[in-house]
Amino acid sequence: MRAGIWLIGARGSVATTSVVGALALRAGLADPVGCVTAHPALDVSALPGLGDLVFGGHDVTTVPVAKKAEQLAAAGIVPARLVQALEPELDEVEANLRHAPTGATQAETATLIAADIKAFATRHGLDRVVVVNVSSTEPAPPPHPAHADLTALTAALTAPGRVLPPSSLYAYAAFDSGCPYVDFTPSTGARLPALAQLAAERGLPYAGHDGKTGETLLKSVLAPMFAMRNLTVRSWSGINLLGGGDGASLTNPQANAAKAASKQRVLRETLGYEPDGDTRIDYVADIGDFKTAWDLVTFEGFLGTGMCLQFTWQGCDSALAAPLVLDLARITLAAHAAGHTGPLASLAYFFKDPLGDADHALHAQWESLRTYLAGLGGGR
């Protein structure tokens, strides 16, 4: 299967790291550390190979992807030797990137987006394309009557003004052009009833939301531990320090609130109650693409004895996210090829706020993913 990955936010840190990583793996210049699909317990026989993938995408910035890769190398995020060795391949990817279009109406913009994706597929003779959103976090949109009904939404998009946030407009354009969609961000994306209708009509799968790369990954391991040990969590508070473009976007209070809510959901769903405390996200420009999370957990044991757990997580957001982006794109492409439709709940392992009725404990999500991949591969 020759397939395309169309990245929204294609010149950003996560997208560029994903592209550099895929090209390096394809050339045998790196090992698949952090790629879940490289785990020997998983059957990935149905997934397209890295050599079968072609990258394209949209962005609002004009910095060439090779230049962005050089900036990431200077920041210690990707090895400079890889950027130098892959410069011709990065230039080929750059030729597939387009400036995010803007029409007189959102319907016109969606048509322009779809035209770019279709031209990309035709140009490279691709069997299918998956659209992956790795752009900055958006504020949650205000409710709109058209969000609940596809016919009303289609009509509303032809009028001046904004009915859909950008992530949802891209989901609309993806579905309208016959492409599955993955939202790696906490933005609204395909999570609207009208867009679920459109995906069902077109027979398309979709996945999301908000890639699980750091603090929430630990929560999905530790919260089940407290639950299974029958210890009562009294409070769970976290402070997150982020730099880079994602951190800058979260200075918007509404975007920050959407991200924080996504990070807290695992506790409520896993414990069966919501402990005191919250998650705070602060922007620290100087740390760039790196992030630090500090969490304090207080809990009650036998005879009411009070205890606490503290942990610190420090990581590079792009290096943690990029292999998961490649995993999700490949799995979703295989799901599309297999004729699967609707929300891919079995991909909850990858997300803070997964679609569908998903268990939030990491061990349960792992088993669901393993079973799902085995089914795609015919159980081999």
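In this text, all values refer to a predicted model and were calculated from it rather than measured experimentally. (Residues numbered from 1 in each chain as written. Predicted model: local features only at pLDDT ≥ 70, side-chain atom pairs only at ≥ 80, totals over all residues. Heavy atoms only, no water.)

Chemist: Please explain the overall build of the protein as it appears in this structure.
Modeler: Scanning the protein from N- to C-terminus turns up 13 helices and eleven strands. Whereas a compact globule of 380 residues would reach a radius of gyration of roughly 21 Å, the protein reaches 20 Å, a difference of no more than 12%. The dimensions of the protein, computed from C-alpha atoms along their principal axes, are 70 × 50 × 45 Å. Expressed as a percentage of the 380 residues in the protein, the buried residues total 54%. Contacts spanning at least 24 positions in sequence make up 77% of the contacts within the protein whose residues lie at least 6 apart. Element-wise, carbon and sulfur atoms account for 55% of the exposed surface of the protein, whose accessible area totals about 15500 Å². Of the side chains in the protein, 27 bear a positive and 36 a negative charge, and the two mean positions are spaced by 2 Å. (Helix = DSSP H or I, 4+ residues; strand = E, 2+ residues; numbered from the N terminus. Rg over C-alpha atoms; globule rule 2.2 N^0.38 Å. Buried < 20%, exposed > 50% of the residue type's maximum accessible area, 1.4 Å probe, protein only. Contact = heavy atoms within 4.5 Å. Areas by Shrake-Rupley, 256 points an atom, 1.4 Å probe, with all protein chains shown as cover. Lys, Arg positive; Asp, Glu negative; His and termini not counted. Charge placed at Lys NZ, Arg CZ, Asp CG, Glu CD.)

Chemist: Got a minute to help me understand the sheet that holds strand β7 (residues 232-242) in this structure?
Modeler: Strand pairing within a sheet occurs via backbone hydrogen bonds; the two strands may be parallel or antiparallel. Strand order in the open sheet formed by four strands is β8-β7-β9-β10, with mixed pairing between adjacent strands. Whereas interior strands pair on both sides, the edge strands pair on one side only; in this sheet they are β8 (279-283) and β10 (306-316). Neighbour-to-neighbour, the strand axes of the sheet open up by a mean angle of 10°, direction not taken into account. When β7 meets strand β9 (residues 290-300), the two strands line up antiparallel, connected through ten bridges. Within β9, the residue paired with L241 across the bridge is T292. Where helix α9 (residues 215-228) meets the sheet, its contacts fall on β7, β8, β9 and β10, and the angle it forms with β10 comes to roughly 155°. The strands that helix α12 (residues 317-337) touches are β9 and β10; relative to β10, the one it contacts most, it runs at about 80°. (Pairing = 2+ DSSP bridges. Axes fitted to C-alpha atoms, helices over the stretch in contact; angles between N-to-C directions.)

Chemist: Is there a simple way to explain the nonpolar core in this structure?
Modeler: Residues L7, L90, L347 and F350 are the most contacted members of the largest nonpolar core, which totals 60 residues. Element by element, the count of residues in this core is highest for α12, at ten residues. Not counting chain neighbours up to four residues away, the residues in contact with F350 comprise V36, D210, G211, K212, L324, D327, L328, I331 and L369. Listed in part, the 38 residues of the second largest apolar core include A100, V129, F175 and A190. (Core = buried A, V, L, I, M, F, W, Y, C linked by side-chain atoms within 4.5 Å.)

Chemist: Is there a simple way to explain the sheet that holds strand β3 (residues 97-99) in this structure?
Modeler: Judged by pairing direction, the sheet is parallel, and its seven strands sit side by side in the order β3-β2-β1-β4-β5-β6-β11 without closing on themselves. Taken across any chain shown, the strands that pair with only one partner, and hence form the sheet edges, are β3 and β11 (342-343). When strand β5 (residues 181-183) meets strand β6 (residues 205-208), the two strands line up parallel, connected through three bridges. The partner of D183 across the bridge, within β6, is G208. Packing against the sheet, helix α1 (residues 13-26) makes contact with β1 (3-8) and β2 (53-59), and its axis sits at approximately 165° to β2. In this fold helix α5 (residues 106-124) packs onto β1, β2, β3 and β4 (128-133), with an angle of close to 160° to the strand it touches most, β2.

Chemist: How should α5 be read in this particular structure?
Modeler: Structural remark: α-helix, 3.6 residues per turn; residues separated by three or four positions point the same way. In a regular helix each residue adds 1.5 Å, so 19 residues correspond to 27 Å; α5 covers 27 Å between its end C-alpha atoms and thus fits that length. Along α5, the residues classified as buried are Q106, A107, T109, A110, I113, A114, I117, F120 and A121. An end-on view of α5 places all buried positions within 165° of arc, on one side of the element. What points out from α5, more than 90 degrees from its buried face, is the exposed set T111 and T122. Those residues of α5 that are buried are in contact with β1, β2, β4 and α7 (166-176). (Expected span 1.5 Å × (residues − 1). Arc of directions from axis to C-beta.)

Remember that the coordinates give geometry; whether it matters functionally is a separate question.
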